[in-house]
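Chains, contacts and geometry: an overview
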Amino acid sequence: MDQQYMQQALNLAKLGWGKTRPNPLVGAVITKNGEVIAEGYHHYYGGDHAEVDALKKINFSAEGATMYVNLEPCSHYGKTPPCVEAIIKSKIKKVVVALEDPNPKVAGNGIKILKNHGIEVVVGILQEEAIKLNEIFIKYILTQQPFCILKTAMTLDGKIASHQGDSKWITSEDAREHVHHIRDRVAGIMVGISTVLKDNPQLNTRIANREVSHPIRIIVDSTLRIPIDTNVIKTSSDYPTIVATTEKASKAKIHQLQDLGVEVLVVGQEEGKVNLKDLMVKLGEKKVDSILLEGGGTLNYAALESDIVDKVLCFIAPKIIGGKNAITSVEGEGKHLIKDAFTVENLSIHKFRKDILIEGYVRKG
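If you're wondering where the values come from, they're calculated on a predicted model, not measured in any experiment.

Observations concerning the pairing of strand 10 (residues 241-245)
With five of its five residues buried, strand 10 lies for the most part within the structure. Across the two faces of strand 10 the burial is the same, with Thr 241, Val 243 and Thr 245 and Ile 242 and Ala 244 all buried. Pairing between strand 10 and strand 11 (residues 263-266): four bridges, direction parallel. Along strand 11, the bridge assignment pairs Val 243 with Val 264.

Next comes the structure, spelled out in structure tokens:
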């Protein structure tokens, strides 16, 4: 039953997607005498943590109960008091934890405190699932840099647009809607200036019949070629927008964009282009914990070469475009030898009505 209840906690945690940043996604289930007596999750940043949310729903004694939680209960004061205090006070006798807190400053301390108060603690139930659920939090808490997801959509023959640049639409509506659900979960969405000039996107989140979160729009533009009348600039008062550029940019253009409500971030250069590693550091300092990279082939290759990509989402549609000049998802110079290719591992496959999604993680080192 431990796995069943922990899966229930993981499912509850997902209800907080896009609302708890930079806190993790956490769910809690409390059982007593073989029955679930309370459930809770972390609803939003600054709100009750999952453990407290669940405990508040118990209208009788929790003494002798077991709590299942997908992340180690916190042991320090932040926006809220430590969860371990509430657990100890409730007289719960056992806590089952999927994953220790990855923060080196606090890892294991909550578990230690619970044990010191005579509470049985079991760690590691559905640990891999717990790691995947909070992969954004884990990367950010350990490195203070965003978890970067490279998303692309292509045909069976690897094209993202025809030789004339037409790309609407490669994938079907349900696959595109899935992308908007991902946008709803991440802190930022990043594209290059070429994508802005070609597609003039809004880069917001659109999901029917529900309230959504809009990620910060991040435009990589080394020389500030971005026109003032593009959608991302015209809507900068509605959605936060950052243009990342270099010292080569015109000071007058910088001021013009700033007057329109756009944040201009001047970062270091690498071969005359925005240094993406430096950009990740600066975005991390701004509490941007995750990025969905929806750029074209040039930016995608630069991101892979810069080793900032953690995860790849590759949507594949059952279409064939052909053409040696048709556009591919990763361009740039490319690798000279197959042995030097970027490797994507730990793959999973998801099926939509017409398309498939291949998801995996870029091998590091």
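Let's talk about the packing of helix 3 (residues 83-90) against helix 4 (residues 109-116)
It is at 10 Å that the axes of helix 3 and helix 4 come closest, and there the two elements cross at 20°. Here helix 4 runs roughly parallel to helix 3, going by the angle between their axes. Crossing of helix 3 over helix 4 shows right-handed handedness. Across the interface between the two elements, Val 84, Ile 87 and Ile 88 of helix 3 pack against Gly 110, Ile 113 and Leu 114 of helix 4. Looking at side-chain class alone, the contact of helix 3 with helix 4 contains five nonpolar, one polar and no charged residues.

Description of the UniProt feature "active site" (unreviewed entry) in the protein chain
The positions that UniProt labels "active site" (unreviewed entry) are, in the present scheme, Glu 51. Looking at where Glu 51 falls in the secondary structure, it is placed in helix 2 (residues 50-55). Leave out the neighbours within four places in its chain, and Glu 51 touches Ala 28, Met 67, Val 69, Leu 71, Pro 73, Cys 74, Cys 83 and Ile 87.

What about the packing of aromatic side chains?
Each aromatic ring pair is summarised here by two numbers: the centre-to-centre distance and the angle between the ring planes. For the structure on display, the rule yields three aromatic pairs. On the basis of an interplanar angle of 45° and a centroid distance of 5.1 Å, the ring pair of Tyr 5 and Tyr 68 is categorised as tilted. In this pair, Tyr 5 sits in helix 1 (residues 2-13) while Tyr 68 sits in strand 3 (residues 66-69), placing the two residues 63 residues apart along the sequence. Of the residues examined, Tyr 68 reaches a relative accessible area of 5% and is grouped as buried. Each ring, one from Tyr 301 and one from Phe 342, has its centre 6.1 Å from the other, and the planes form 70°; the classification is edge-to-face. Taken together, the residues span a long stretch of sequence, with Tyr 301 in helix 12 (residues 297-305) and Phe 342 in the loop between strand 16 (327-328) and strand 17 (344-351) at a distance of 41 residues. Of the residues examined, Tyr 301 reaches a relative accessible area of 11% and is grouped as buried. Above the ring of Trp 169, the side-chain terminus of Arg 176 is found at 4.4 Å from the ring centroid.

Thoughts on the nonpolar core
Counting residues in hydrophobic clusters, the biggest one holds 41 residues, and the most contacted among them are Met 6, Ile 30, Met 67, Ile 87, Ile 92, Val 95 and Leu 114. The dominant element in this core, judged by the number of residues it contributes, is helix 1, at six residues. If we ignore the near neighbours within four places in the chain, the residues touching Ile 92 are Ile 30, Leu 55, Ala 62, Gly 64, Ala 65, Thr 66, Met 67, Ile 87 and Ile 119. One finds Ile 218, Val 220, Leu 279 and Ile 308 within the second-largest nonpolar core, a separate group that totals 29 residues.

Basis of the calculations
- Residues numbered from 1 in each chain as written.
- Predicted model: local features only at pLDDT ≥ 70, side-chain atom pairs only at ≥ 80, totals over all residues.
- Heavy atoms only, no water.
- Buried < 20%, exposed > 50% of the residue type's maximum accessible area, 1.4 Å probe, protein only.
- Helix = DSSP H or I, 4+ residues; strand = E, 2+ residues; numbered from the N terminus.
- Pairing = 2+ DSSP bridges.
- Axes fitted to C-alpha atoms, helices over the stretch in contact; angles between N-to-C directions.
- Parallel < 35°, antiparallel > 145°, perpendicular 65-115°, else oblique.
- Left-handed = near helix turned anticlockwise from the far one by under 90°.
- Contact = heavy atoms within 4.5 Å.
- Nonpolar A, V, L, I, M, F, W, Y, C, P; charged D, E, K, R; others polar.
- UniProt positions renumbered as here; feature names shortened; annotations may be inferred.
- Phe/Tyr/Trp six-rings, centres within 6.5 Å; stacked < 30°, edge-to-face > 60°.
- Lys NZ or Arg CZ within 6 Å of the ring centre and 35° of its normal.
- Core = buried A, V, L, I, M, F, W, Y, C linked by side-chain atoms within 4.5 Å.

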